[in-house]
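# Overview (structure and organization)
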Amino acid sequence: MPTISTKDYMLDQAKRRVIPTLNNIPGMGVVEKRLRNHEFKEFTLAEPPPGSDLKPVMGDAGLPVVGHMIETFRGGPEYMLHIYNTLGPVRYAYSPALPAVVALGPDATQTVFSNRNKDYSQAGWNPVIGPFFNRGLMLLDFEEHMFHRRIMQEAFTRTRLSGYVEHIDQVASQVVANDWVANDPRFLFYPAVKELTLDIASLVFMGEEPGNNHDQVAKVNDAFTTTTRAGGAIIRTGVAPFKWWRGLRARKVLDDYFSQRVKDRRKAEGTDMLTVLCHTTDDDGNSFSDDDIVNHMIFLMMAAHDTSTSTLTTMAYHLAANPEWQDRVRDESDRLGDGPLDIEALDKLEALDLVINEALRLVTPLPMNIRRTVRDTELCGYFIPANTNVVTWPSMNHHLPELWTDPEKFDPDRFAEPRNEHKQHRYAFAPFGGGAHKCIGMVFGQLEIKTVMHRLLRRYRLELPRPGYKASWDYGGMPVPMDGMPIVLRPLH
């Protein structure tokens, strides 16, 4: 990206993205006029303690009314890379949704994720997703988080994961073979794979067979979609008909559904994750309450299906755009054949592992992580006062030219010997977070992605809808392709 002033960059964002958006909102004409002549004035977040030698964090209020929300939601890592290159690794940015210090670069990421002095709390997530994913594992702190994580770990042992692979394969094989439309340039991969991963999650996590209770499952799936996107609402009020209000209603649907399911599964046996959590205890005999299980299941269902959906969509796009890599991973799948899958078989798909990592690097499903300082602290030489939201952007690190060769190029071999570009810094590559809150379902997600892509490549060749097609992403939550990602599925036989 060319180096331009922050003011010029933001005015360009306003012209291309903000003003067209505001034109669709009644009464925003006055704001549009102010945008065209807006000056961005810097201020100091807080003065460092005398004699500390720490630097103050500088910031600005961004655009009128919306702050920095539009450029963040539309530009995502690209915008953060601009901030990093022009203003440094630590910068305050106002937003009505989440006023926060952005902590950019691998060193800042490591300081926040390692959290050696317990200066950073998960409370930063509360204004964003707290109302929709209350007391999910990612929102818990310190000893309470470790207590819950120890119990939940029982649901992610290798033995449990082996059983989940069988269920994942059952659903993926059925849907890919019978439900997806071949030879159609209008086929939208993102919504199709989102429905598939929700069906997988319904079976693996709740024991709901695809096709059973279809109306109820569809209602629950819609509620998950609504709650996930609600955290990106610009108008954050519980008043109808705004996105935030729809998210709160959807959370009530999920609460009612899972509360009844927990009561049923307490008295049942099964290998689905909900039943496992209903009967699991740690080494000291501690178990989850009904409310704990409801909260954890809602969060796990969201995290599991959305991250897999994002990664599979990115993979499909780049494999369609890079047929030499598609042939390479298909050759591995052809050697594996159409037999039943297990963890040992999936481990043999080594080229697919490289593609997964490259997809996670290019479009990271959770592009940012949010914390809040519990006391005054220091970050990369800057003074951060207590009760300040701090947002790390691991996804921005994934595009740094000092860490990655030609970072915008699809090049999975960068993760293989002898290059190992992901090892140049401990947090050069951190799509699953880090420290005590590193994603507990990381291995499950990788197994799900490999299973679905194996079945897909055994049946179809993936093609772009037209020559020169380029994907574009919306970062108002987890990255979503703006056009649904049209991909043509060409039957191989």
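It should be emphasised that the depicted structure is a prediction, and the values quoted were computed from it without experimental measurement.

### A word on the sheet that holds strand β6 (residues 369-373)
Ordered by their spatial adjacency, seven strands build an open sheet running β1-β2-β3-β4-β9-β6-β5, and the pairing between neighbours is mixed. At either end of the open sheet lies a strand with only one pairing partner, and these are β1 (43-44) and β5 (120-121). The sheet contact formed by β1 and strand β2 (residues 58-60) spans two bridges and is antiparallel. Considered in β2, the bridge of Phe-43 is made with Gly-59. Set on the sheet, helix α5 (residues 106-114) makes contact with β4 (100-103), β5, β6 and β9 (389-392); between it and β9 the angle comes to about 125°.

### Describing the pattern of salt bridges
Counting across every chain of the model gives 28 salt bridges. Across the pair Arg-375 and Asp-119 runs a salt bridge, and its minimum N-O distance is 2.8 Å. Taken together, the positions of Arg-375 in the loop between β6 and β7 (377-379) and Asp-119 in the loop between α5 and β5 put the pair 256 residues apart, joining distant regions of the chain. One salt bridge in this structure joins Arg-458 and Asp-334, with 2.7 Å as the shortest N-O distance. Here Arg-458 is found in helix α18 (residues 442-459), whereas its partner Asp-334 is found in helix α14 (residues 323-336), with 124 residues between them in sequence. Relative accessible area serves as the criterion here: at 38%, Asp-334 is assigned to the partly exposed category. One network of salt bridges, with partners in common, ties together Glu-358, Arg-361, Asp-411, Arg-414, Arg-419 and Glu-421.

### Let's talk about the pairing of strand β3 (residues 90-93)
Every second residue of β3 is oriented toward a common face, with Val-90 and Tyr-92 on one face and Arg-91 and Ala-93 on the other, all of them buried. Bridging between β3 and β4 involves four bridges; their strand directions are antiparallel. Directly across from Ala-93, in β4, lies its bridge partner Ala-100. Remark: six residues form the turn of the hairpin made by β3 and β4, two consecutive strands paired antiparallel.

### Some points on the nonpolar core
Ranked by internal contacts, the top residues of the largest apolar core, which has 121 residues, are Trp-180, Phe-189, Phe-205 and Phe-258. Per element, the largest residue contribution to this core is 15 residues, and it comes from helix α13 (residues 290-321). When near neighbours in sequence (up to four residues on either side) are disregarded, Phe-258 contacts Met-206, Phe-224, Val-294, Met-297, Ile-298 and Met-301. If you look at the next biggest cluster of nonpolar residues, it comprises twelve residues, including Val-57, Ala-103, Ala-108 and Tyr-120.

### Observations concerning the packing of α14 against α18
Running from N to C, α14 and α18 point in directions that differ by 95°, and their axes come no closer than 9 Å. Comparing their axes, α18 and α14 come out roughly perpendicular. Packed against α14, whose contacting residues are Gln-326, Val-329, Arg-330, Ser-333, Asp-334 and Leu-336, the element α18 presents His-454, Leu-457 and Arg-458 at the interface. By residue class, the composition of the contact of α14 with α18 is three nonpolar, three polar and three charged.

### Re a nonpolar patch on the surface
Nonpolar side chains collect at one region of the surface, where Ile-235, Val-239 and Phe-242 lie side by side and expose about 240 Å² of accessible area between them. Structurally, Phe-242 is set in the loop between α10 (214-230) and α11 (243-266). You can call Phe-242 partly exposed: its relative accessible area is 32%.

### Some points on α14
One full turn of an α-helix is made of 3.6 residues, so residues set three or four places apart face in the same direction. In this model α14 runs 20 Å from its N-terminal to its C-terminal C-alpha over 14 residues, within 8% of the 20 Å that 1.5 Å per residue would give. Against the buried residues of α14 lie α13, α16 (350-362), α18 and β10 (460-463). Following α14 by one or two positions, Gly-337 adopts a phi angle in the positive range, close to 80°.

### Regarding the packing of aromatic side chains
What the rule picks out here adds up to 15 aromatic pairs. Taken together, a centroid distance of 5.9 Å and an interplanar angle of 80° make the contact between Tyr-164 and Phe-444 edge-to-face. Taken together, the positions of Tyr-164 in helix α8 (residues 158-178) and Phe-444 in helix α18 put the pair 280 residues apart, joining distant regions of the chain. Per residue, the accessibility class of Tyr-164 equals that of Phe-444, and both read buried. Between the aromatic rings of Trp-180 and Phe-189, the centroid separation amounts to 5.6 Å while the plane-to-plane angle is 65°, which identifies the pairing as edge-to-face. This pair shows no difference in class: Trp-180 is buried, exactly as Phe-189 is. Grouping aromatic residues by their ring pairs yields a cluster made of Tyr-164, Phe-205 and Phe-444.

Thresholds applied
- Residues numbered from 1 in each chain as written.
- Predicted model: local features only at pLDDT ≥ 70, side-chain atom pairs only at ≥ 80, totals over all residues.
- Heavy atoms only, no water.
- Pairing = 2+ DSSP bridges.
- Helix = DSSP H or I, 4+ residues; strand = E, 2+ residues; numbered from the N terminus.
- Contact = heavy atoms within 4.5 Å.
- Axes fitted to C-alpha atoms, helices over the stretch in contact; angles between N-to-C directions.
- Salt bridge = Lys/Arg side-chain N within 4 Å of Asp/Glu carboxyl O.
- Buried < 20%, exposed > 50% of the residue type's maximum accessible area, 1.4 Å probe, protein only.
- Core = buried A, V, L, I, M, F, W, Y, C linked by side-chain atoms within 4.5 Å.
- Parallel < 35°, antiparallel > 145°, perpendicular 65-115°, else oblique.
- Nonpolar A, V, L, I, M, F, W, Y, C, P; charged D, E, K, R; others polar.
- Patch = residues over 30% accessible without salt bridge, like charges linked within 9 Å, V, L, I, M, F, W, Y side chains within 5 Å.
- Areas by Shrake-Rupley, 256 points an atom, 1.4 Å probe, with all protein chains shown as cover.
- Expected span 1.5 Å × (residues − 1).
- Phe/Tyr/Trp six-rings, centres within 6.5 Å; stacked < 30°, edge-to-face > 60°.

Shape is all these values report; function is a separate question.
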